[in-house]
Amino acid sequence: MVVQSHVLRFLSRPAVSGDRACAWPVLALQLWAAGAILMATLGAAVPAWAQSATVPLTLVTQSGKHVFQVEVMRTPDDLARGLMFRRTMAKDRGMLFDFGKTQPVAMWMRNTYLPLDMVFIDRKGIIANIAENTEPLSEENIVSVRPVLSVLEVNAGTARRIGLRAGDKVLHPLFNKR
């Protein structure tokens with residue numbers, strides 16, 4: 001490729017010249033170009049959230065068991081991003097936020113275009129409270145009524161459709177190990 005050969009010639013230049021003031025920008029640009037070539041070569045342009053695997057989660061209500069496929073968010077970046085910027089989610093999908101410890105939790109809908117039901121779950125897998133039909137793009141805090149371990153986000157209307165209520169049980173390995 002012509003572009004690659006020009007970039008490779010640029011990369012082979014020494015990063016430090018007689019003018020020390022330009023050394024850092026040149027080095028930074030060389031590193032950026034090397035990373036771009038490596039990513040293009042390896043095809044690593046797909047964001048991590050798009051590669052997220054799903055696992056089954058079951059909500060046990062009076063109407064029966066309802067199985068969802070959920071992405072589990074654990075890292076600080078994943079917990080902060082959540083469902084931001086997504087425009088659709090299948091009816092049987094959701095996102096489970098694992099906070100790693102039981103604590104009071106406040107969520108919001110910043111940059112989230114989907115109306116959601118937020119299900120606040122304690123360490124035993126018991127639903128503490130549900131915030132139904134949350135407002136997209138809102139920065140208003142949506143809080144747990146008591147300390148919880150996790151929050152499940154599903155499409156708005158899901159809780160009503162399946163009869164989900166506080167006190168119902170959530171089955172998932174996250175709650176079995178505690």
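The model shown is predicted, which means the values in this text are computed figures rather than measured ones.

Parameters and conventions
Numbering of residues starts from 1 in each chain and follows the order in which that chain's sequence is written. With pLDDT at 70 or above as the cut-off, local features in this predicted model cover only qualifying residues; side-chain atom pairs require 80 or more to be listed or tallied, and sums for whole chains, interfaces and linings still use all residues. Neither water nor hydrogens contribute to the side-chain values; these are computed over all heavy atoms in the structure. Numbering goes from the N terminus for both helices and strands, where a helix is a DSSP run of H or I of at least four residues and a strand is a run of E of at least two. Relative accessible area decides the class of each residue, using a 1.4 Å probe on protein chains only: under 20% of the type maximum gives buried, over 50% gives exposed, and in between gives partly exposed. In what follows, residue pairs with any heavy atoms lying within 4.5 Å of each other are defined as contacts. Here, Shrake-Rupley sampling with a 1.4 Å probe gives the accessible areas, and only protein chains in the shown set may cover a residue. On a range of 0 to 100, pLDDT expresses the predictor's confidence in each residue. The pairing criterion is simple: DSSP has to find at least two bridges between the two strands.

**What to know about the overall build of the chain**
Here is step 1: Within the chain one finds 5 helices and 9 strands.
Here is step 2: The burial tally for the chain puts 35% of its 178 residues in the buried class.
Here is step 3: A sequence separation of at least 24 residues applies to 67% of the contacts in the chain between residues at least 6 apart.
Here is step 4: Of the roughly 10600 Å² of accessible surface on the chain, 59% is carried by carbon and sulfur atoms.

**Some remarks on the confidence of the model for the chain**
Here is step 1: Of the residues in the chain, 70% have a pLDDT of 70 or more, and the chain-wide mean is 81.
Here is step 2: This model gives residues 24-29 a pLDDT under 50, and the stretch forms 4 contacts once residues within four places in sequence are excluded.
Here is step 3: Contacts from residues 36-51, a stretch scored under 50 in pLDDT, to residues over four places away or in other chains number 10 contacts.

**Let's talk about the pairing of strand β1 (residues 55-61)**
Both faces of the sheet carry side chains from a regular strand, because those side chains alternate between them.
Here is step 1: Where β1 lies against strand β2 (residues 64-73), 7 bridges are found, and the strand directions are antiparallel. If you follow Leu59 over to β2, its bridge partner there is His66.
Here is step 2: Counting the residues in the hairpin turn of β1 and β2 gives 2 residues.
Here is step 3: Bridge analysis of β1 against strand β9 (residues 169-171) gives 3 bridges, and the strand direction is antiparallel. When the sheet's bridge partners are listed, Leu59 is paired in β9 with Val170.

**Some remarks on the pairing of strand β5 (residues 116-121)**
Here is step 1: Taken across its 6 residues, β5 has 6 buried, putting it largely inside the fold.
Here is step 2: Side chains Leu116, Met118 and Phe120 project from β5 onto one buried face, and the interleaved Asp117, Val119 and Ile121 project onto a second face that is buried too.
Here is step 3: Direction of pairing for β5 relative to strand β8 (residues 148-155): antiparallel, over a ladder of 6 bridges. Paired with Ile121 across the two strands is Ser150, which belongs to β8.
Here is step 4: As paired elements, β5 and strand β6 (residues 127-131) share 4 bridges and run antiparallel to each other. Across the sheet, residue Ile121 finds its bridge partner in β6, namely Ile127.
Here is step 5: Once β5 ends, the chain turns through 5 residues before running back antiparallel as β6, passing Gly125 with a positive phi of about 85°.

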